[in-house]
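Structural overview for review
The primary structure of each chain is shown beneath.
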Amino acid sequence: MPPVLDIDHLSTHIQLRKSVVQAVGDISLTIEPGETLGLVGESGCGKSMTGLSIMRLLPNGGHIVEGSITVDGVDVVKLSEREMRDVRGNDVAMIFQDSLTSLNPTMTIGKQIAEQVRRHRSVTRKVATERAAEVLGIVGFPRPRERLANYPHQLSGGQRQRVMIAIALSCDPKLLIADEPTTALDVTIQAQILGLLDDLKERLGMAVLLVTHDMGVVAGRADRVNVMYAGRMVETAPTKELFARMHHPYTQALLGSIPLLTQERHERLFSIPGIPPDLTEPPKGCRFAPRCTRATDQCREVEPALEPASTDHWFSCWHPVDGPIARVVVASPTAADANGSGTGVTATSVGGGAAPAPLAPAAIVPERQWEAGADDANLLMIDQVVREYPVTAGILQRRVASVKAVSDVSFTVGRAETFGLVGESGCGKTTLGKVIVGLEKADSGNVTLRGTDITKLGERELRRFRRDLQMMFQDPIASLDPRMRVGAVLREPMQVQGIGTHKQQEEVIAELLSEVGLPMNAVERFPHEFSGGQRQRIGLARALTLNPQVIVADEPVSALDVSIRSQVLNLMKRLQQTHGLTYVVISHDLAVVKYLSDRIGVMYLGKLVEMGSGDDIYHHAVHHYTAGLIATVPEPDPSRERAKSEIGIRGELPSPVDPPSGCRFRTRCPAAQDVCAEVEPPLRLFHPGHYAACHVPLQEPMPEDGNEPAVSAVSAPSGL
Amino acid sequence: MSIVIGEVAEELRPAEPIPEGGHVQGPRAGWRLALSSFVENKLAVVGSGIVIFFVLFCFVGPFIYRTNQVDTNLLNSFQAPSSQHWLGTDSYGFDELGRIMKGGQAALEIGFLSSAIATVLGTLVGAVAGLVGGVIDGILMRFVDILLSLPLLFVILIISNRYNGATVLSLSIIIGAFSWLVSARLVRGEVLSLRVRDFVLASRTMGANKRHLIYKHLIPNALGVVIVNITFQVADAINLLALLGFLGYGLNYPNVSWGDMLSNALNYLSDGYWWVVYPVGICLVLVVMAFNFIGDALRDTVDVRLRRR
Amino acid sequence: MTAYLIRRFVTSLIVILGIAFITFLAVHIIAPSPGRAVLGDRASQAAVNAFNKQAGYDQPVWVQFLKYMWALLHGNLGFSYKSNQTVDSLIIENAPHSMWLSGISLLLSILIAIPLGIFQAVKRNSVADQSITAFAFTCYSMPQNFLGLLLIGFLAISFHLFPSEASQSEKIIPYITAVRANFLPILTLTLTAVAAYSRYMRSSGLDALAQDYIRLARAKGLSEARVLRRHLFRNASLPMITLIGLSIPALLGGNLVVENLFNSHGLGLLFINELGNEDFNTVIALTLLGGVATVVGNLIADVALTVADPRIRIS
């Protein structure tokens, strides 16, 4: 059979006001009927532009410079705009990343589906509406006919993405282009949507071009994978082959820089230095050469062509590698391992000799004594914290309900320990982080730092304590004042706290910059002059300025590209060693949390449902939510991904305004029983340091010796 | 646009002292960046040129093109443009070109002064409402709502009617006192959105007090919006002044502003004295348009800088 | 949604009360003794006092205000001593002319500005777009009286296409049918409004064009005309509803200027004349009317937006 899609030497440029971005440079690919091709790469590598080129829907200034795009035997590059419109939505359909902005907010979803049907099939309005209901049913809407009159804002993110898929398949396209279809979604919903796409592909016999930055997503879903870098196709191979025996150093490095769930967490992540090149002036030779550890003069001068390693494995490199970077993977769990992993892990045991000698922390910021002792295990104690936001309604705006953001959460973090908080968006983890650093007041409960309850402090006393509690923000752009130079950004904490003379502050700034790996001339620059990774380094430097004991890092790497992510993760780990820092890491990404953390707390709808060491959580999950979460995390490992059968967690997150009675997870839990709706499960001990709140746990709890439950979670000196 | 160039890991090239986070190269200071994106906007340059021209024309012009703007000479009225009176004379026999310079002084003075008054007042009210919040915010904003609902021109006319003998200062105060409302709303909105931005939260985690937040973060970041608004306010004030003059409530004789010169324009036109109507009207349009140009360009500049975040 | 509208309605009432109070107060501070204005400079002080006492102007301000509000509630706006008739009848005589002028101009400017703005957004930076922008910018930057003067100068005086004065008919039907006579005032009002609206519509259209749903609509294979009609038009027009509501004070001001320039019967001309006559009952009534019109306009815009935008309607 001829391929559904055959792209031959496609080049797409985008004309800007003063320059031309060579977004896609000379790429070729084919997709066979019924095949899923993964197109992966970091942001700006041209993968989305390739997808939009096929649809001929390039942004303003974008145009196809040369090459052909043959869809089902027709070169769409040569079609007139009128003929092209018959292809769009009919032969080729596309779904986009952001389902909220991609659906017309003022049109019912029924009409939005039906209008495509009527455009390509000469049918009556009634038949088109029938078809709309039919495809809504196919994508998993129960009672689809009732949904036709809904507007997009009435649906959840996952449901909207389903609607977009319904639109795409309403005219039985031969090819579906899915551009980052799940990036904006939570992991549990992501798994559902990816499962749906797979299922539809099987049932309808479509070919799929899956465009994504996430190696985990392609590992499980793609038959073949094409890797793009800086507008070039650098490697293409069947999925298993690519993950097992890649030849391009970029592919190797990209995979190597992703933290794995199975990874030994004290191992330093591989990281690709630098950032991708500016495509208005791409480098002369191999585009990866400036960041490649194997680069030679040949690489910098002559660009390598795409050469076959075997019939279906092609790559472009002068000095190919063979297979992935070796890394230490924690062996599959054994009883001994389970018993041993909970103890004896401290940051100081991290090694490999790579750790530089601890730098003397900023000279003028008084370094607090490391009064070793009882204090260490209970440096930071979160005790029964509750935070609710009022919901007002009615004519008088009376408080009618509240959003239960954080409900009765307790845990303890020891000195130099990393505590990870993980959960879906809306589980309250960010609110809890803000309560810990004092940006939000807890409605009840205490946050105790070194024995002092900071929730009871006045603003003036709290100010001194703020030195010890700093925060790292998710969005490195938003968290830096656009009108402040970096020097002023780093000086600000010392000014606020009234520390040091101008000259002393300058010394501290210089030291901080070198510590986070930025050049001295950064002082004079404004935040917008830096790349994303550099800005996050600045954010980290600022958090370090006051020599704090605890840093709350809210999604510290979520906004960053994979290759930059590992740089920042490594830096965070290194700084933890040199400064004896305690981290509270908040993230939706279980792999990141597991890589950074000694202990992990899993939150669901404002509740802490499970807490334990990374291995406790990963290998011996007790709570069904934790187990489901682990199952849904896409891993960059085809054999593991393909072995996963069920779709992790069904359904969607209930409203935090009116959480389910008893166990809040029961509405989505596969093991829910009557008791779950009636009695709220207490935190029980399952293993030293491993707690979970579940009536029907996946493991047997340890025998209770009387006074074990919830409160003891606070004082348990786990992890140390 | 990325200003970062290629970089190499420190472990691999120990000889080269390249920082781990990569190079930073940004050759231009912040204000120069803003200036360059302002200059790139041709309309902004044209607008600034027009404003500078008219400031020189109105304030320096009279020293070069000397005319008698004090004594009326009815025998000399409505003379067509000639070498002696470049733009002819008006109903009182004043030289029209000289009159335009004199009227322009008043128009520009009132424009700047009233917008200064409105900006100060509006920024203060808006900042207080946004920062203090609660009941005070509610009261201030309802007050602003009420004043905004009043037909501005009607109210100004009522006041002007009572206090005859309007001067540049009194008209500026009246116009300023009624045009601060929009800037108050703008500043309040800006303050409210800035308050919850991450960089302000970051500053709070360092223990910054309100004073620090206001001076270091809120004012510098809200300034752009305020400056943009000033230019629009100047344009609106000059426009409003022209309407007042037309309706006969402008400056008192012998003082004059451009609007006053147009108050009998309809009769002049039907009598064919075009030179006492069109030149002054064109000056008015040019100046108002120039300020609008500058305002638009500044707004783009502020936005661009925000977009580049 | 109902709760929102009720709250919106109640705040509007409060604002109207505030407007009434401020207007009343302002006029009283400015003209504490209306008797003098009514009877003229030559009347004796005793006569003035007697007049003030008889009309209740010697009572405390708040008593006068309450009385005024009480009368207002019964639709009684007071008596115009200068015209020797009630203010109500003055307004009823003059309002239709003003309403026709502003109504027809508002309608025309919406009908012109919305398609024009969308056209500009679609053809952004083309010669057509830039010419329209330049024209709109010029009209926008022009004091309304000068715009009117230009039109009179060219279309009435130089080319005699239209009269320079609006219809002088006091009856509304002949006034409406005098299309040629009222052409220039309507053109003046419309041009000003089109200038402001089309600029806004253009930027709103550009915003909407950059949205993902436009891209998805194109990805469905819809024709460009259909994309614009079905997806761009409604979304880009929604913000216009608010703008039109907010522009009512400007429309009133425009009436004042245009009615003066073209000597057309109407509330604006009435205001200026009675202000010169120091007929404060009429002046208060007209200002109040303007304020109420603004509040009601904003309220209608909010309701309209609520109906037109499903995100607000169904929340």
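Parameters and conventions
Residues numbered from 1 in each chain as written. Chains lettered and ligands numbered in written order. Predicted model: local features only at pLDDT ≥ 70, side-chain atom pairs only at ≥ 80, totals over all residues. Helix = DSSP H or I, 4+ residues; strand = E, 2+ residues; numbered from the N terminus. Buried ≥ 20, exposed ≤ 12 C-beta atoms within 10 Å, placed from the backbone. Contact = placed C-beta atoms within 7 Å. Rg over C-alpha atoms; globule rule 2.2 N^0.38 Å. Core = buried A, V, L, I, M, F, W, Y, C linked by C-beta atoms within 7 Å. Domains from an automatic or database assignment. Nonpolar A, V, L, I, M, F, W, Y, C, P; charged D, E, K, R; others polar. Pairing = 2+ DSSP bridges.

**Topic: the overall build of chain B**
Of regular secondary structure, chain B possesses 12 helices and zero strands. When the helices and strands of chain B are listed from N to C terminus, the series reads α-α-α-α-α-α-α-α-α-α-α-α. Per-residue burial over chain B gives 48% buried out of 309 residues. Put simply, of all contacts in chain B between residues at least 6 apart along the chain, 67% involve residues at least 24 apart.

**Points about the overall build of chain A**
Looking only at helices and strands, chain A has 26 helices and 24 strands in total. Here the C-alpha radius of gyration of chain A, 27 Å, is about what a compact globule of 720 residues would show, namely 27 Å. Structurally, chain A occupies a C-alpha span of about 75 × 65 × 55 Å along its principal axes. By residue count, 54% of the 720 residues in chain A fall in the buried class. Restricting the contact set of chain A to residue pairs at least 6 apart, pairs at least 24 apart contribute 69%.

**Digging into the nonpolar core**
Core analysis: the biggest nonpolar cluster contains 356 residues, and A:Leu175, A:Ile177, A:Leu209, A:Val584 and B:Leu241 have the highest contact counts within it. Per-element tally for this core: the top contributor is helix α9 (residues 210-246) of chain B, with 17 residues. Setting aside residues up to four positions removed in sequence, B:Leu241 forms contacts with B:Ala107, B:Ile110, B:Leu171, B:Ile175, B:Gly250, B:Ser257 and B:Gly259.

**Description of unusual backbone geometry**
Residue and element names in this part refer to chain A. Positive phi outside glycine occurs at His9, with the angle close to 50°. With respect to the helices and strands, His9 occurs in strand β1 (residues 5-15). You will see that Asp72, though not glycine, has its phi angle at about 50°, which is positive. Assignment of secondary structure puts Asp72 in the loop between β4 (62-71) and β5 (74-75). On the basis of neighbour counts, which here come to 17 C-beta atoms within 10 Å, the residue Asp72 falls in the partly exposed class.

**Concerning the domain arrangement of chain A**
Residues and elements named next belong to chain A. Once the domains are mapped, chain A shows domain 1 (5-222), domain 2 (232-338) and domain 3 (374-599). Between domain 2 and domain 3, the residue contacts involve 15 residues of the former and 15 residues of the latter. Classifying every residue of the side of domain 2 that touches domain 3 gives 10 nonpolar, three polar and two charged.

**Points about the pairing of strand β20 (residues 582-587) of chain A**
Residue and element names in this part refer to chain A. Burial runs high along β20: six of the six residues are buried. Alternating residues of β20 divide into Thr582, Val584 and Ile586 and Tyr583, Val585 and Ser587, and every residue in both groups is buried. Bridging between strand β15 (residues 418-422) and β20 involves five bridges; their strand directions are parallel. When the sheet's bridge partners are listed, Phe419 is paired in β20 with Val584. Of the pairings in the sheet, the one linking strand β19 (residues 550-554) to β20 comprises five bridges and is parallel in character. In the strand pairing of β20, Ala553 is matched with Val585.

**Details of the interface of chain B and chain C**
You'll often see interface size given as the accessible area lost when the parts meet. Contact with chain B, which involves 32 residues of that partner, is made by 36 residues of chain C. Those elements that place two or more of their residues in the side of chain B that touches chain C are α5 (134-149), α6 (152-162), α9, α11 (265-271) and α12 (278-307) of chain B. With nine residues, the single largest contributor to the side of chain B that touches chain C is α6(B). Tallied by class, the residues present in the side of chain B that touches chain C amount to 24 nonpolar, six polar and two charged.

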